[in-house]
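Now for the letters of each chain:
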Amino acid sequence: MARTEPSQVQDRPAVEPTWGGELIPDAPDTLVGLGKRFMKTRHRLHQTGLFSEQALIGLIDSYPRHLLQAFTMGTDAEKMDDLQPVDTAGVSGADILQSVKVGRLWFKLMHIYRWKGPYADTIRQVYAELQARCPGFEPLEYSGNLLFRSPVSQVYFHADAKPNMLWHVGGKKRFWLYPAGDTGLVSQESLENIFENAQDEEVPYRAEFDRCAAQFDLEAGDLLSWPQNSPHRVAVMEGMSLWITTFYQTEESIRRGHVYGANSLLRRTLGLRNLSTRERGGMALAKETMYRACRRAKVLKVYPARKYLAEYRIDPARPGGISRIPGGPVVTEFSKAALGIGAM
């Protein structure tokens, strides 16, 4: 299967990088098993000049609002309902960064890998270096998002469908990684739903889960990777936390998605539950073939985009960096695009 290059969708001026050398300094032997085990190594993205405060303000100001997600949150890792969307309409990049400093907020610049210029070029470069240094690491496609969070904030317990890795470029945070495939942490049905976009990535968390977690303290220049579907959560420890998350697909990860997707289809149509998740053998091949055929025939269920309603808007002058929206909740800018509502 040929590798797919990401298409670039924007063409706006951006800050130029100040680093022109290799972005992954470690020797190949330190990268053995990339994506197959918990691994902390190093990178040089934070030395490129692309992630300074001024560069970030300029990027936010030029970035389409429908590709900018914003949320506020609580302090209890078990209370995921405290995660609430925030509206960013008409707010400048400088005001967004000021709100981050005084609130409990997180922002995601979606599809940064498609943004023409140095950010997309940087992601392309690190993947080229990883492929050159890691025999057997052969991503067919990749993507990336840029995220930043308040000094007192968290990422709730969740599991992603695609394999991914984290490139930390600012602040300090604590990262908990949990074993993949443990149905005591994430049920098989929940993971099937995550693969099928039938639910968000967040899943219920209990503090006792931490007994089986590996803990990593991250600072600028750390690269963290883990096996596909490993649940994880984060607490920011110091300063504004800034990082790029990249996702990728391999033949193996696509096969897993087809097996879980087929299990989901059989559960919904025939009521079959707790089916085998084996990815090799005749049954796995039959599931993969069935899933591909159903997708080509367009009979797979398409789940509608979620409508995020915000009761708060970014307001750096207010405590917490947000203020209540007069007249009730509004549809967030990032929901409008997905739902086809109004102009972007």
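The structure under discussion appears in the preceding block.
To keep things clear, this report deals only with the structure shown in the data block. (Residues numbered from 1 in each chain as written. Predicted model: local features only at pLDDT ≥ 70, side-chain atom pairs only at ≥ 80, totals over all residues. Heavy atoms only, no water.)

**Side note on helix α3 (residues 118-133)**
Under the 1.5 Å per step criterion, the end-to-end length of α3 is 22 Å for 16 residues, consistent within 8% with the ideal 22 Å. Contacts made by the buried residues of α3 are with α1 (53-62), β5 (141-149), β7 (164-177) and β10 (232-249). (Helix = DSSP H or I, 4+ residues; strand = E, 2+ residues; numbered from the N terminus. Expected span 1.5 Å × (residues − 1). Contact = heavy atoms within 4.5 Å.)

**Looking at the side chain of His258**
Structurally, the position occupied by His258 is in helix α5 (residues 251-270). Leave out the neighbours within four places in its chain, and His258 touches Glu288, Tyr291, Arg292 and Arg295.

**A closer look at the pattern of salt bridges**
Charged atoms that come close allow side chains of opposite charge to pair. Summed over the entire model, instances satisfying the criterion amount to 19 salt bridges. Glu252 serves as the salt-bridge partner of Lys36, at 2.2 Å between the closest nitrogen and oxygen. A residue pair is termed long-range when its members are at least 10 positions apart, and Lys36 in the segment before β1 (39-42) and Glu252 in helix α5 qualify at 216 residues. On the basis of relative accessible area, Lys36 is assigned to the exposed category, the value being 54%. What makes Glu252 partly exposed here is its relative accessible area of 35%. A salt bridge links Arg233 to Asp210, with the shortest nitrogen-to-oxygen separation between them at 2.8 Å. Here Arg233 is found in strand β10, whereas its partner Asp210 is found in the loop between α4 (188-195) and β8 (214-218), with 23 residues between them in sequence. On the basis of relative accessibility, which here comes to 25%, the residue Asp210 falls in the partly exposed class. (Salt bridge = Lys/Arg side-chain N within 4 Å of Asp/Glu carboxyl O. Buried < 20%, exposed > 50% of the residue type's maximum accessible area, 1.4 Å probe, protein only.)

**Some words on helix α6 (residues 282-296)**
Counted at 1.5 Å a residue, the expected span for α6 with its 15 residues is 21 Å, and the 21 Å between its end C-alpha atoms agrees. Those residues of α6 not exposed but buried are Ala284, Lys287, Glu288, Tyr291 and Cys294. For α6, the arc enclosing every buried residue in end-on projection is 130 degrees, short of the 170-degree limit, so these residues lie on one face. Those residues of α6 that are exposed and angled more than 90 degrees off the buried face are Gly282, Leu285 and Arg296. Here the buried face of α6 lies against α5. (Arc of directions from axis to C-beta.)

**A short note on the packing of aromatic side chains**
Inspection of every chain in the model, using the stated rule, returns 16 aromatic pairs. Between Tyr308 and Phe334, the aromatic rings sit 5.3 Å apart at their centres with planes inclined by 55 degrees, giving tilted as the arrangement. Taken as a pair, Tyr308 in the loop between α6 and β11 (309-310) and Phe334 in helix α7 (residues 333-339) lie far apart in primary sequence, 26 residues in all. Like Tyr308, the residue Phe334 is buried in the burial classification. One aromatic cluster is present, built from ring pairs that chain together Phe71, Trp106, Tyr308 and Phe334. (Phe/Tyr/Trp six-rings, centres within 6.5 Å; stacked < 30°, edge-to-face > 60°.)

**Here we look at the environment of Pro316**
Within the secondary structure layout, Pro316 lies in the loop between β12 (312-314) and β13 (322-324). Under the relative-accessibility criterion, Pro316 is labelled partly exposed at 24%. Dropping the residues within four chain positions of it, Pro316 is found in contact with Asp95, Gln98, Ser99, Val102 and Gly321.

**Here's the deal with the environment of Pro135**
With respect to the element layout, Pro135 can be found in the loop between α3 and β5. Through-space distance from the C-alpha of Pro135 to that of Gly103 is 43 Å; in sequence the pair is 32 residues apart.

**Focus: the layout of surface pockets**
Taken as a whole, the second largest pocket holds about 480 Å³ of empty space. Along the walls of the second largest pocket sit 25 residues, with Leu34, Lys36, Gly136, Thr250 and Glu252 positioned nearest its centre. Here the lining of the second largest pocket takes five residues from α5, the largest share from any one element. Each residue belonging to the lining of the second largest pocket can be placed in one class, and the counts come to 11 nonpolar, six polar and eight charged. (1 Å grid on protein atoms, 1.4 Å probe; cavity = no way out; pocket = protein on both sides within 12 Å on 5 of 7 lines; lining within 4 Å. Points joined across faces, edges and corners; volume = space filled by probe spheres on them. Nonpolar A, V, L, I, M, F, W, Y, C, P; charged D, E, K, R; others polar.)

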